[in-house]
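# Summary of structural features
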Amino acid sequence: MAKYANLIPRFLDYVKVNTRSDPQSTTIPSTPRLTEFANRLVQDLTAIGLNNVHINPQSAYVYATLPANTAKAVTKIGFISHFDTADFNSENIRPQIVENYDGQSVIKLDAAGKYTLDPAVFPNLKNYRGDTLITTDGTTLLGADDKSGVAEIMAAAEYLLAHPEIKHGEIKIGLGPDEEIGTGADHFDVADFGADIAYTVDGGPLGQLEYETFNAADAQVEITGTNVHPAEAKGVMVNASQVAMDFHAGLPVHDRPENTEGREGFFHLYSMTGDVDSAHLSYIIRDHDRQIFEDRKRLFQGVADQLNQAFGQDRVQVTLKDQYYNMREVLEKDMHVVELAKQALEDLDIQPLIFPVRGGTDGSKISFMGLPTPNLFAGGENMHGRFEYVSEQTMEKATDVLIKIVALAEQQA
């Protein structure tokens, strides 16, 4: 019998429910189906035996408490995950089980073999020799990002309730919507949550411990042209699409995602539309270093200023909006939350994988709200698409880590 009897069944049950968030929505949460799923989580958390289970009206997060079972004054630890899924087909998800994977075979996702998991393309598959993998059928994403984290947090709570010999302080649980569209943590209620330190359980492969993220901004560029008949265009026409191309050419060629790695930041053009009369460019700007991040925003605006100066009028309008900042700015002031997780990994003979995240987590925002929140692995690979998969054994080890963290905190109190 599995150590965490409900871990995988609960995960398989949850991923079959479409919880795709809507980036065009202005509501909290972004879709009614997320509200429905949150209500389901309330029922499940209550059935496990947790206290104060409720949906926070400010953020639509589901909060719950596992009471302390020790007389010691222990740091209150929170575990956070999100239950929405990314912008990919999430309807009729049919997870498949591949038992005792040999680490080298090509896994056919669909019957015709149009979509496969091939170690030649996805070399991380070689790390899962002997594991049981959960994959898609090639038509949808899986939802391991981040229903694996949801299931692991719930399994850890269930196990701790069944094993009171494992002493721990008060544990806070937060399961939220809309992480995938970048708005989920905007209204996170730190006071209602009630933790002293926390972890998002939203990382990838075994051992990931992340406490350094990008600084991030959204950048929108609106270009106004002048459309006249091309036969009479000289000195009159301003082709907005051409100006858009000139704007993009004004940014450093190297500083694009496809040319960068590690701590190198970038300007990423992710959408471009236009004609002669008008054009629109959408970018994200990223850098780990706050000063270089600010320099990037100034450079971006400077390209627009130069074009406008050449035209003698404002034809290029830039709108910049900061999205989140590098959580390391907060966490490096007191690394206890990171060191606690690192020790838990090492005590379980799991090699900590610590490196700067080329992205962000809900913990990026929550840390700046006063709750230090690094990110732990949840097990998913190839997230956000049809090639997503997760190892059952990695999910079990992620659950082990959560239990070890709260046990260590109690022992050190």
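Right above here is the structure, for reference.
If you're wondering where the values come from, they're calculated on a predicted model, not measured in any experiment.

Scoring rules and cut-offs
- Residues numbered from 1 in each chain as written.
- Predicted model: local features only at pLDDT ≥ 70, side-chain atom pairs only at ≥ 80, totals over all residues.
- Heavy atoms only, no water.
- Helix = DSSP H or I, 4+ residues; strand = E, 2+ residues; numbered from the N terminus.
- Rg over C-alpha atoms; globule rule 2.2 N^0.38 Å.
- Buried < 20%, exposed > 50% of the residue type's maximum accessible area, 1.4 Å probe, protein only.
- Contact = heavy atoms within 4.5 Å.
- Polar contact = N/O pair within 3.5 Å; in protein donor to acceptor, adjacent residues only side chain to side chain.
- Salt bridge = Lys/Arg side-chain N within 4 Å of Asp/Glu carboxyl O.
- Pairing = 2+ DSSP bridges.
- Axes fitted to C-alpha atoms, helices over the stretch in contact; angles between N-to-C directions.
- Expected span 1.5 Å × (residues − 1).
- Arc of directions from axis to C-beta.
- Lys, Arg positive; Asp, Glu negative; His and termini not counted.
- Core = buried A, V, L, I, M, F, W, Y, C linked by side-chain atoms within 4.5 Å.

### As for the overall build of the protein chain
Summing up its helical and strand segments, the protein chain has 10 helices and 16 strands in all. Over its C-alpha trace the protein chain gives a radius of gyration of 24 Å, about what one expects of a compact globule, namely 22 Å for 413 residues. Along the first, second and third principal axes, the C-alpha set of the protein chain runs to 85 × 55 × 40 Å. Out of the 413 residues belonging to the protein chain, those deemed buried represent 52%. The contacts of the protein chain with a sequence gap of at least 6 include a subset with a gap of at least 24, amounting to 79%.

### A look at the environment of Glu91
Tracing the sequence through the fold places Glu91 in the loop between β3 (77-82) and β4 (96-98). Sequence-wise, Glu91 and Thr139 are 48 residues apart; in three dimensions their C-alpha atoms are separated by 9.0 Å. Glu91 has contacts with Asn18 and Thr140, leaving out every residue within four places of it along the chain. Among the polar contacts listed, one links the side chain of Glu91 to the side chain of Asn18, at a separation of 2.9 Å.

### What to know about the environment of Gly262
Within the secondary structure, Gly262 sits in the loop between α5 (240-249) and β12 (266-274). What makes Gly262 partly exposed here is its relative accessible area of 36%. Along the backbone, Gly262 and Gln317 are 55 residues apart, and their C-alpha atoms lie at a distance of 31 Å. Apart from the residues within four sequence positions on either side, Gly262 is in contact with His288 and Arg358.

### Brief notes about the pattern of salt bridges
Under the criterion given, the structure shown has 19 salt bridges. Where Asp137 meets Arg94, a salt bridge forms, and the shortest distance between an N and an O atom there is 2.9 Å. With Asp137 in the loop between β7 (133-135) and α3 (144-162) and Arg94 in the loop between β3 and β4, the pair connects residues that are 43 residues apart, well separated along the chain. A relative accessible area of 11% places Asp137 in the buried class. The class for Arg94 is partly exposed, based on a relative accessible area of 47%. In this structure, Asp186 and Lys365 form a salt bridge, with 2.5 Å as the shortest nitrogen-oxygen distance. Placement of the pair is Asp186 in the loop between β8 (171-176) and α4 (190-193) and Lys365 in helix α9 (residues 362-368), with a sequence separation of 179 residues. A cluster of three or more residues bridged by salt bridges with shared partners is formed by Glu212, Arg263, Arg328 and Glu332.

### What about the sheet that holds strand β1 (residues 51-55)?
Pairing is mixed across the open sheet formed by seven strands, whose spatial order is β1-β2-β8-β3-β9-β15-β10. Of all the strands in the sheet, the pair left with one neighbour each is β1 and β10 (209-210). As paired strands, β1 and strand β2 (residues 62-66) are joined by three bridges and run antiparallel to one another. Following the sheet pairing, Asn51 is matched in β2 by Thr65. This element, helix α2 (residues 32-48), spans β1, β2 and β8 of the sheet and lies at about 175° to β1.

### As for helix α6 (residues 290-311)
In an α-helix, one turn spans 3.6 residues; hence positions three or four apart end up facing the same way. Between the first and last C-alpha of α6 there are 32 Å, a value that for 22 residues agrees with the 32 Å anticipated at 1.5 Å per step. Turning to α6, its buried residues are Phe293, Arg296, Lys297, Phe300, Val303, Ala304, Leu307 and Asn308. One side of α6 carries all its buried residues, which in axial view fall inside an arc of 130°. Summarising the geometry of α6, the exposed residues directed more than 90 degrees from the buried face are Arg298, Gln306, Gln309 and Ala310.

### Things to note about the side chain of Glu381
You can see Glu381 is positioned in the loop between β15 (375-377) and β16 (389-391). As a buried residue without a salt bridge, Glu381 has its nearest oppositely charged side chain in Lys397, at a separation of 12 Å. Within polar-contact distance, the side chain of Glu381 engages the side chain of Tyr128 at 2.7 Å.

### Concerning the nonpolar core
Ranked by internal contacts, the top residues of the largest apolar core, which has 67 residues, are Phe11, Phe79, Leu175, Tyr199 and Ile405. Apart from residues no more than four positions distant in its own chain, Phe11 is found in contact with Ile134, Leu142, Gly143, Ala144, Lys147, Ser148, Ala151, Val390 and Met395. One finds Ala217, Val221, Tyr283 and Val303 within the second-largest nonpolar core, a separate group that totals 22 residues.

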